[in-house]
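# Structural characterization, general
Here is how the chains run, residue by residue.
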Amino acid sequence: MKKLYIHPLPVRIWHWTNAVGFVLLILSGLQIRYLDLFQWVTFRTAVVAHNWIGFVLIANFFIWLGFYLFSDKIKVYHPELSPTKYFQASFKQIQFYGYGIFRGEPNPHHPSAYRKFNPLQSMMYQIIMMMLVPAQFFTGLLLWDVARFSSIVEALGGLRVVDTVHVLLFIVFSGFIVVHVYLASLGHTPSAHFKAMLTGYEEIEDEEEHH
Ligand code: HEM
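Per chain, residue numbering runs from 1 following the sequence as it is written. The predicted nature of this model means local features are confined to residues of pLDDT at least 70 and side-chain atom pairs, given and counted, to a pLDDT of 80 or more, with totals for whole chains, interfaces and linings taken over all residues.

Below, the discussion takes up the overall build of the chain. Starting at the N terminus, helices and strands are each numbered in turn, a helix being any DSSP run of H or I of at least four residues and a strand any DSSP run of E of at least two. For the chain, the count of helices and strands is eight helices and two strands. Its C-alpha atoms give the chain principal-axis dimensions of roughly 60 × 35 × 30 Å. The burial criterion counts other C-beta atoms lying within 10 Å of a residue's C-beta, which is placed from the backbone; the residue is buried at 20 or more, exposed at 12 or fewer, and partly exposed between these limits. Counting across all 211 residues of the chain, residues that qualify as buried make up 14%. C-beta atoms are first placed from the backbone for all residues, and any pair lying within 7 Å is then listed as a contact. A separation threshold of at least 6 residues defines the contact pool for the chain, and within that pool the share at least 24 residues apart is 68%.

What follows is the structure, given as C-alpha cells:
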C-alpha cells in the first residue's frame, strides 16, 4: 500500500466548507421556495442564513480558484485534447461504473498527483466549478437585492428568468450531491476517497501501484 498526496490543504478547506455550505443552502432554499412544505426555522432566519452562507461560499470559491490559478496543480484540470483518446477513456470509465465494478474488475483510472481525476470527473468538475457554481452564485447575488441589480435582472429577461435559473440549478446540485457522494464511495474501500479529501492522502493498492 502506497500513499499519494493528491488533495492540497487549500482544496480540502474549500471542499468541506463548500460541502457543508451547499447542504445548508439546499435546506434553507427548500424552506424559502416551498414554505408550505418545510418550516425548519422561521422564514426570516431561513432567508438571512441563506444569504450569509451564500456570501461565505462565494468568498470560499475564490480559495479554490486562486489556489488552482496560482499553482501548477491546475494541471489536474487540463483536458485531454485528443477527442478519440478522451472518449475512449470516458467510455472505459462508464463501463467500469456500470458493469466492471460489479464483477470486481480494477478501476481503469490510476490516480497520480497531477492526474488525480478520471476523464468523467475532470469534465464534470470543470462544468460544475466553471459554469454551474458561478451561475448559481451570480443569480443568487441578483436575487439577494433585486432592486439594486434591477438593470442586470431586466437585461437577463426579468425576475422570472433569473429565479427559474437559480431554482433549476438548485435541483441540479441536489442531484449532483447524491451522485457525487455515491461515486466518492467507490474507492478501494467505501471510505477511502472521503479519508483522502480529509487527510490529503489517497492510499493506492498494490495492484494499482503496479501500473
Ligand atoms: C455533501 C457532501 C459531499 C461529499 C461527502 C463530497 C465528497 C468528495 C470527495 C470524497 C472528493 C474527492 C474524491 C473525488 O474526487 O471523488 C470530492 C471532490 C470534489 N468535490 Fe465533493 N463532496 C460533497 C459535496 C460537494 C459539492 C456540493 C460540490 C460542488 C458544488 C463538490 C465538488 C467537488 C469537486 C469540484 C471535487 C474535486 C476537487 C478538486 O480536487 O479540485 N463536492 N468530493
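Anyway, onward from the coordinates.
With respect to spatial proximity, 20 residues lie near the ligand, and among them A19, F22, Y125, A184 and H193 are the closest. Sorting the residues of the shell around the ligand by element identifies α1 (9-33), α4 (119-144), α6 (159-184) and α7 (192-199) as the ones contributing at least two each. The greatest single-element share of the shell around the ligand, amounting to six residues, is contributed by α1. The residue classification treats Ala, Val, Leu, Ile, Met, Phe, Trp, Tyr, Cys and Pro as nonpolar and Asp, Glu, Lys and Arg as charged. All others, Gly included, are polar. When grouped by side-chain class, the residues that make up the shell around the ligand number 14 nonpolar, six polar and no charged. We call a residue near a molecule or strand when the C-beta position, derived from backbone atoms, sits within 6 Å of it.

Quick look at the pairing of strand β2 (residues 201-204) now. Residue alternation in β2 divides its side chains into a buried set, E202 and I204, and an unburied set, Y201 and E203. Bridge count for strand β1 (residues 2-5) against β2 is four bridges, and the pairing is antiparallel. Bridge assignment links L4 to a residue of β2, and that residue is E202. Should DSSP find at least two bridges between two strands, the strands are taken to pair.

Here the expected span of a helix is defined as 1.5 Å times the quantity of residues minus one. Here α1 spans 35 Å end to end across 25 residues, near enough to the 36 Å set by a 1.5 Å rise per residue. Where α1 is buried, its residues meet α2 (43-69) and α6.

With that settled, consider the environment of P8. Within the secondary structure, P8 sits in the loop between β1 and α1. Given 15 C-beta atoms within a 10 Å radius, P8 is considered partly exposed. Sequence separation between P8 and Y201 is 193 residues, and the spatial gap between their C-alpha atoms is 9.0 Å. P8 has contacts with F67, K73 and G200, leaving out every residue within four places of it along the chain.

A separate point is the packing of α4 against α6. Lines fitted to the C-alpha atoms define the axes, with helices restricted to the stretch that makes contact. Angles between their N-to-C directions range from 0 to 180 degrees. At a minimum axis separation of 9 Å, α4 and α6 run at an interaxial angle of 135 degrees. Taken as axis vectors, α4 and α6 run oblique relative to one another. As for how α4 packs across α6, the hand of that crossing is left-handed. Mapping the contact onto sequence places I128, L132, A135, Q136, T139, G140, L142 and L143 in α4 and V162, D163, V165, H166, L169, V172 and F176 in α6. Between 65 and 115 degrees an angle is taken as roughly perpendicular, under 35 as roughly parallel, over 145 as roughly antiparallel, and anywhere else as oblique. Crossings are assigned a handedness: left-handed for a near helix turned anticlockwise from the far helix by less than a right angle, right-handed for a clockwise turn.

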